[in-house]
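A structural walkthrough
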Amino acid sequence: MLSLNSLIWLIPLPPLVAFMLIVLLTNKRKGLSHWIALGGAGLSFLVSMIVFVKAITTRGLAESPLGSAINWLPAAEKWLKIGVVVDPLSAVVLFFVAWTELMIFIYSIGYHNYGQPAGKEDRAGLPPHGAEVREHGKTHKVPSIEPMYARFFAFISVFAFAMLLLVLSDNLLTLYIGWEIMGFCSYFLIGFWYGKDSARRAAVKAFITTRIGDVFMLLGIAALYTLTGTLNFREIFHNPETMSMLTNTLSPVFHLSWAGLIGVLLFMGTIGKSAQFPLHVWLPDAMEGPTPVSAMIHAATMVSAGVYLVLRTFPLLSAGWSPEGALTVPMTAMAVVGAFTALFAATIAVAQNDVKRVLAYSTISQLGYMIAALGIGAYTAAAFHLVTHAFFKALLFLGSGSIIHGMEHGVLHTGEHVDPQDMRNMGGLRTKMPVTFWTFVAGGLALSGFPLITAGFWSKDEILSGAFNGGHLAVFITLAVAALLTAFYTARQITLVFLGQPRTKAAEHASENKPVMTVPLSILAFFAIVIGWVGIPKAFPGLGHFSPAWFQTFVGLMLPETAAEEGHSPVPLLTSLVVALGGLALGWWVYRKFKDAHAKDPLEIGVKPVFKVLQNKYFVDEFYQKYIINPCLWFADKVVYQFLDKTVIDGALHGIAALGMKLGNLLRFGFDLPVVNGAGDGLAGGTRGLGGLLRKVQTGKVQQYMTIALASIVVIGLIILSFVISS
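Values in this document were obtained by computation on a predicted structure and should not be read as measured data. (Residues numbered from 1 in each chain as written. Predicted model: local features only at pLDDT ≥ 70, side-chain atom pairs only at ≥ 80, totals over all residues. Heavy atoms only, no water.)

Once that is clear, we can look at the overall build of the chain. Helix and strand counts for the chain come out as 29 helices and four strands. Counting only C-alpha atoms and orienting by the principal axes, one finds that the chain spans roughly 150 × 80 × 60 Å. The proportion of buried residues among the 727 residues of the chain is 53%. (Helix = DSSP H or I, 4+ residues; strand = E, 2+ residues; numbered from the N terminus. Buried < 20%, exposed > 50% of the residue type's maximum accessible area, 1.4 Å probe, protein only.)

Attention shifts here to the pairing of strand 1 (residues 66-75). Note: strand 1 against strand 2 (residues 78-86), nine bridges, orientation antiparallel. Within the sheet, the bridge partner assigned to Leu66 lies in strand 2 and is Val86. Turn length for the strand 1-strand 2 hairpin, with the two strands adjacent in sequence and antiparallel, is two residues, and the turn residue Ala76 shows positive phi of about 60°. (Pairing = 2+ DSSP bridges.)

Inspection of the entire model under this criterion finds 14 salt bridges. A salt bridge links Asp214 to Arg211, with the shortest nitrogen-to-oxygen separation between them at 2.4 Å. Linking Asp214 with Arg211, this pair stays in helix 7 (residues 197-228), spanning three residues, or about one helical turn. Arg211 gets classed as buried once you look at its relative accessible area, which sits at 15%. Taken together, the shared-partner salt bridges connect Lys205, Asp285, Arg357, Lys617 and Asp621 into one network. (Salt bridge = Lys/Arg side-chain N within 4 Å of Asp/Glu carboxyl O.)

Further remarks concern the side chain of Asn353. Among the secondary structure elements, Asn353 is positioned in the loop between helix 15 (329-349) and helix 16 (355-375). Asn353 sits in the buried class, given a relative accessible area of 11%. Among the polar contacts listed, one links the side chain of Asn353 to the side chain of Arg492, at a separation of 3.0 Å. (Polar contact = N/O pair within 3.5 Å; in protein donor to acceptor, adjacent residues only side chain to side chain.)

Across five bridges, strand 3 (residues 131-135) lies against strand 4 (residues 138-142) in antiparallel orientation. Residue pairing across strands places Glu135 opposite Lys138, the latter belonging to strand 4. Hairpin connection, strand 3 to strand 4: the antiparallel pair is bridged by two residues, and His136 has positive phi, about 55°.

One can describe the packing of helix 15 onto helix 21 (residues 473-498) by two numbers: an axis separation of 8 Å at closest approach and a directional angle of 25°. Relative to helix 21, the element helix 15 is oriented roughly parallel. Like other packed secondary-structure pairs, helix 15 and helix 21 cross with a definite hand, here left-handed. Two secondary-structure elements touch here, helix 15 through Ala335, Ala339, Ala342, Leu343, Ala346, Thr347 and Ala349 and helix 21 through Val475, Thr478, Leu479, Val481, Ala482, Leu485, Tyr489 and Arg492. (Axes fitted to C-alpha atoms, helices over the stretch in contact; angles between N-to-C directions. Parallel < 35°, antiparallel > 145°, perpendicular 65-115°, else oblique. Left-handed = near helix turned anticlockwise from the far one by under 90°. Contact = heavy atoms within 4.5 Å.)

This model, assessed by the stated rule, comprises 37 aromatic pairs. Seen from their ring centres, Tyr107 and Tyr111 are 6.1 Å apart, and the 20° between their planes marks the pair as stacked. One end of the pair, Tyr107, and the other, Tyr111, are both in helix 4 (residues 88-111), four residues apart, so they sit about a helical turn from each other. The same class applies to Tyr107 as to Tyr111, namely buried. One aromatic cluster in this structure is built from Phe45, Phe52, Phe95, Trp99, Phe391, Phe526 and Phe527. The positively charged end of Arg211 is found above the aromatic ring belonging to Phe207, 4.5 Å away from the centroid. (Phe/Tyr/Trp six-rings, centres within 6.5 Å; stacked < 30°, edge-to-face > 60°. Lys NZ or Arg CZ within 6 Å of the ring centre and 35° of its normal.)

Interhelical geometry of helix 17 (residues 379-414) versus helix 19 (residues 434-448) gives an angle of 145° and a closest axis separation of 9 Å. Two packed elements cross with a definite hand, and for helix 17 against helix 19 that hand is left-handed. Within the contact between the two elements, helix 17 uses Phe392, Lys393, Leu395, Leu396, Gly399, Ser400, Ser402 and Ile403 and helix 19 uses Thr436, Thr439, Phe440, Ala442, Gly443, Gly444, Ala446 and Leu447. Its residues assigned to classes, the contact of helix 17 with helix 19 comprises eight nonpolar, seven polar and one charged. (Nonpolar A, V, L, I, M, F, W, Y, C, P; charged D, E, K, R; others polar.)

It is worth spelling out helix 6 (residues 172-190) at this point. In an α-helix, one turn spans 3.6 residues; hence positions three or four apart end up facing the same way. Look at helix 6: 26 Å from first C-alpha to last across 19 residues, which is about the 27 Å you get at 1.5 Å a residue. Taking the backbone nitrogen of Leu173 as reference, a side-chain oxygen 2.9 Å away marks Asn171 as the first, capping residue of helix 6. (Expected span 1.5 Å × (residues − 1).)

Let us look at unusual backbone geometry. The peptide bond linking Phe277 to Pro278 adopts the cis configuration, its omega dihedral lying at 10°. Structurally, Pro278 can be placed in the loop between helix 10 (258-273) and helix 11 (282-285). Phi angles above zero are rare outside glycine, and Lys617 is one such case at about 60°. Considering the arrangement of structural elements, one finds Lys617 in the loop between helix 27 (608-615) and helix 28 (620-696).

What follows covers the nonpolar core. Counting residues in hydrophobic clusters, the biggest one holds 210 residues, and the most contacted among them are Trp282 and Leu429. Of all the elements, helix 17 adds the most residues to this core, at 19 residues. For Trp282, the residues in contact, after removing those within four places along its chain, are Ile190, Lys205, Ala206, Thr209, Thr210, Gly272, Lys273, Ala275, Ile297, Met302 and Val303. (Core = buried A, V, L, I, M, F, W, Y, C linked by side-chain atoms within 4.5 Å.)

Let us look at the environment of Ser48. Along the chain, Ser48 turns up in helix 3 (residues 30-56). A sequence separation of 49 residues divides Ser48 from Val97, and the C-alpha atoms of the two residues are 9.4 Å apart. Once residues within four sequence positions are removed from consideration, Ser48 is found in contact with Ile11, Leu94 and Ala98.

What follows deals with a nonpolar patch on the surface. There is a patch of nonpolar side chains on the surface, built from Leu2, Leu10, Leu13, Val17, Met20, Leu21, Val23, Leu24 and Leu25 and spanning about 820 Å² of accessible area. Tallying contributions element by element places helix 2 (residues 13-26) first for the nonpolar patch, with seven residues. Take Leu24: it is sitting in helix 2. The class for Leu24 is exposed, based on a relative accessible area of 66%. (Patch = residues over 30% accessible without salt bridge, like charges linked within 9 Å, V, L, I, M, F, W, Y side chains within 5 Å. Areas by Shrake-Rupley, 256 points an atom, 1.4 Å probe, with all protein chains shown as cover.)

This brings us to the environment of Phe344. As for its position among the elements, Phe344 is in helix 15. Sequence-wise, Phe344 and Glu604 are 260 residues apart; in three dimensions their C-alpha atoms are separated by 19 Å. Sequence-distant contacts of Phe344, that is, excluding residues within four places in its chain, are made with Phe277, His280, Tyr618 and Val620.

For the rest of this paragraph, the subject is the environment of Phe384. Topologically, Phe384 is positioned in helix 17. A relative accessible area of 1% means that Phe384 is categorised as buried. For the pair Phe384 and Val555, spaced 171 residues apart in sequence, the C-alpha separation works out to 8.7 Å. Beyond its immediate stretch of four places on either side in the chain, Phe384 contacts Trp458, Ser459, Glu462, Ile531, Gly532, Val534, Gly535 and Phe551.

Pasting the structure below:
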């Protein structure tokens, strides 16, 4: 029987095996492919839950975590080891990753229309256009199955493997390997429908943008290994001598300590992966991929990995900090970038009309919340919000996919040419799609921080309390305004999509989806409500007396005893209540009378210049295109290609070739032809002349030959006789 430590090693492997089996054996068989993928995800889920239960029932897990390590690569006199670890942090992250990934896998079967006919016009690399079927003597269009069905499940399986590998790694090296595999998968899944130019561009944009952060992260990893000789978390963070050296030794860069410099470099990796300003631009465009991909990227895996990295390396980023003292340089950077990003992205979400793009900017904003919380030292609050956000954001993205799926059914049924993702074309879907409606409302209320009953309230309130009680008033005010806007755009989204009357024929004929899609929504909705109850703080008025504050106690074991205690006071609590309820009420009130799909947005009527700026995302993409991308393209073309490549490199090569030609001609005409060829030709000519002379005596007459032979004998005889006489 396998030991528990051996089981931990097995958690990431089933999705990887599923990927290989689908690619090598079953890619032509759609049903078998999704069952293999689902089996891999299910097996990982089962083992993850066994390990999670063991972890939460193990005393002293932070001091003696589960896991083991093996020798991997020889490094001078010792080995570079890799291993797996389950401590309080990785246990809670493993829990939400396993649940959300399994729900996404199940949901994907229905989303990609398994069991539906193939469309005659469907092509690989393009979204399915629907198929014509004949029923009851009538022909009508129905959704068609995804042409690259097996390919999707193959890539999403390796995506799941990468995240599980990252979470369970006990060192930065294998964490980075999982990190980069996810980057590879995001490229292929965002560009899954590669026949669309927008999808191809979005895939390249995501890949290049995240690589910027990854390069700095790799520099930080290299510096850390050079200084410490290891990348193992416990060997670095639990070694007082190593931490003291990193904290007190100055680096050559801006007089930062090595801990500060490496912390900043690692955080830059998070800026790219978790889409923080200014590297946030890739995430909204990632909506070009299928909706389950959006849920994987925005909730279960990729963006969560960036926050997880900061949580995992927090002892390094906060080295030298105490709750009463000033923030370290990495923490200051996190507080500033996180708070700004939270507000910045929330303002953009207010003016978006695509149902998925609203959620994309919401994700950027909520990640900013977590980063800002870590920047001010609210460690358990950030971890708590990471967990709750994963559940309600996965729910919202899958819910948006369900909405789009229902709208596409209406588009196919009516033949009306409207964008099924534009919220202005919806309305009244609460009666058409009741399960999607109620589950989406649960997720939306959790995102808004609806008081007491939703998970989002408890985790957001913890962050606001940490900011206020820690004296970080600028961060507190910024996050409070972002929370108000979050509730506003959530109410706007729910009102435009579900309330009122249908604004298009497609919305009138939208229909609820199959249980394979709605059951995962219901399960995630359950977690979006109840998962927050495990983190009700003891200091919370009333309910706190009945709460064990399990999450804070369990994950708080990761912190040193000198870490700040996250208390509560009336100001952040009242602020949470006002911004959540006020934002929801205001959003509903502004959009309650929106009845025409072609009408102007109420905000556009009221504050048109501001609305246009928000709708165009502050023109950041245009700024990057004009002042960064275009100059880079010009530099690549004019300097690198035209000058360096064609003029310098090609010119040098052509010059060498011309010199070689001239030297070759000199050797040819000065030595080869007159000397080598001349000698050869002279020898040949002499041989030819001698042959001509000899040819003249070849007459063919026997008498002449006999005379010559007799004369030769006489001459030879006389010569011999003369030698004899003289001797």
